[in-house]
Amino acid sequence: MTTVNKQWRLKTRPIGEPSAETWDYTESEIPSITDGELLIKIEYISMDPAMRGWLNDAKSYIAPVQIGEVMRAGTVGKVIESKHEKFVVGDYVAGHNGVQSYAVSDGTGLHKVDSKLAPLSYYLGVLGMPGMTGYFGLLKTGLPKAGETVVVSGAAGAVGGVVGQIAKIKGCRVVGIAGGAEKCKFLVDELGFDAAIDYKNENVKKALKEACPKGVDVYFDNVGGDILNDVLTQINLHARIVICGAISQYNTTTEVKGPSNYLSLLVNRARMEGIVVFDNIKEYPTAMKDIAGWIQSGDIKVKDHIVEGIETFPDTLMMLFKGENFGKLVLKVEG
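K.L.:
Which parts of the structure should I look at to understand the overall build of the protein chain?
P.N.:
In terms of regular secondary structure, the protein chain is built from nine helices and 15 strands. By the compact-globule yardstick of 20 Å for 335 residues, the protein chain fits well, its C-alpha radius of gyration being 20 Å. Taking the principal axes of the C-alpha coordinates as reference, the protein chain spans close to 60 × 45 × 35 Å. A buried classification covers 52% of the 335 residues belonging to the protein chain. For the protein chain, the proportion of contacts with a sequence separation of at least 24, taken over those separated by at least 6, is 66%. Averaging the positions of the 36 positive and the 40 negative side-chain charges in the protein chain gives two centres separated by 6 Å.

Written out as structure tokens, the structure is:
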């Protein structure tokens, strides 16, 4: 076991892409705890596109990370010391405890997880925030019906893969948009998508017409930009557009590019609605039970992309924005 607490702190707010200058790496003694607290040895840290938004000093659904603070991140780890009545040594817990080796918590925002039921990394992916995002975003906002066509961008990522597989469970035709032939092959051959579009090597608008002969009823958007525009040309009457993210725009140094052909929403009496997963936190247990059941039955398959070593954090985070991750990106604290 390491004897120091390795931490990544926000040094300066980035303009465009985060760089090495964005962060301060520090090492300090393992923190001590007082009554009502517990000490967690963090084992895995979640890498999520939303982390880029948390660096901006702007109004959002959650307060920005402050200069000098440990970078916010979803984590899962083991309780190694406890003076808290609800947690004992040996418990595994998930929460948002930051990019560090050890964290002190008063229990707020923590929930216990079972390492025997699923690998710990699953609780940051398919059974964590990305899985919850896909579940509620599709089912509560997208409202898919059997026989409809569902399109999802960022389909080989943590959220997109869950969305597509749940849509198949609900009896929909599912088309994924991803970057590269390998990812597209994985979507069809492994996850059961009906078709996949390689945005790096295909004309997306043309490919959508071929893959969605009956149009698009639900679009789950993770990327924004040109792809959102292309999908809007194919939507059906009363289509539902779920705005989950816009990773193509997060590091832009100019104005965010919005949909230029948004009048398609008017013509088709369609709805475009943003989602934030934390709005559904009281219903997480239901979603986790459903998803765990689908994993057990083989209806949902899981792909994690694990990078080892907390020291790699800045480069690992940037994999998300370069399309280098394949599946849910997770940082294993110790290599």
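On we go from here.
K.L.:
Where do I start with the sheet that holds strand β9 (residues 173–178) in this structure?
P.N.:
Strands belonging to one sheet form pairs held by backbone hydrogen bonds; the direction of such a pair is parallel or antiparallel. Across the sheet, six strands lie side by side as β10-β9-β8-β11-β12-β13; this open sheet has parallel pairing. For this open sheet the edge positions go to β10 (195–198) and β13 (271–274), each flanked by a neighbour on one side alone. Direction aside, neighbouring strands of the sheet carry axes that sit 15° apart on average. In terms of strand pairing, strand β12 (residues 235–243) meets β13 through four bridges, oriented parallel. Bridge assignment links Val242 to a residue of β13, and that residue is Glu273.

About the thresholds
- Residues numbered from 1 in each chain as written.
- Predicted model: local features only at pLDDT ≥ 70, side-chain atom pairs only at ≥ 80, totals over all residues.
- Heavy atoms only, no water.
- Helix = DSSP H or I, 4+ residues; strand = E, 2+ residues; numbered from the N terminus.
- Rg over C-alpha atoms; globule rule 2.2 N^0.38 Å.
- Buried < 20%, exposed > 50% of the residue type's maximum accessible area, 1.4 Å probe, protein only.
- Contact = heavy atoms within 4.5 Å.
- Lys, Arg positive; Asp, Glu negative; His and termini not counted.
- Charge placed at Lys NZ, Arg CZ, Asp CG, Glu CD.
- Pairing = 2+ DSSP bridges.
- Axes fitted to C-alpha atoms, helices over the stretch in contact; angles between N-to-C directions.

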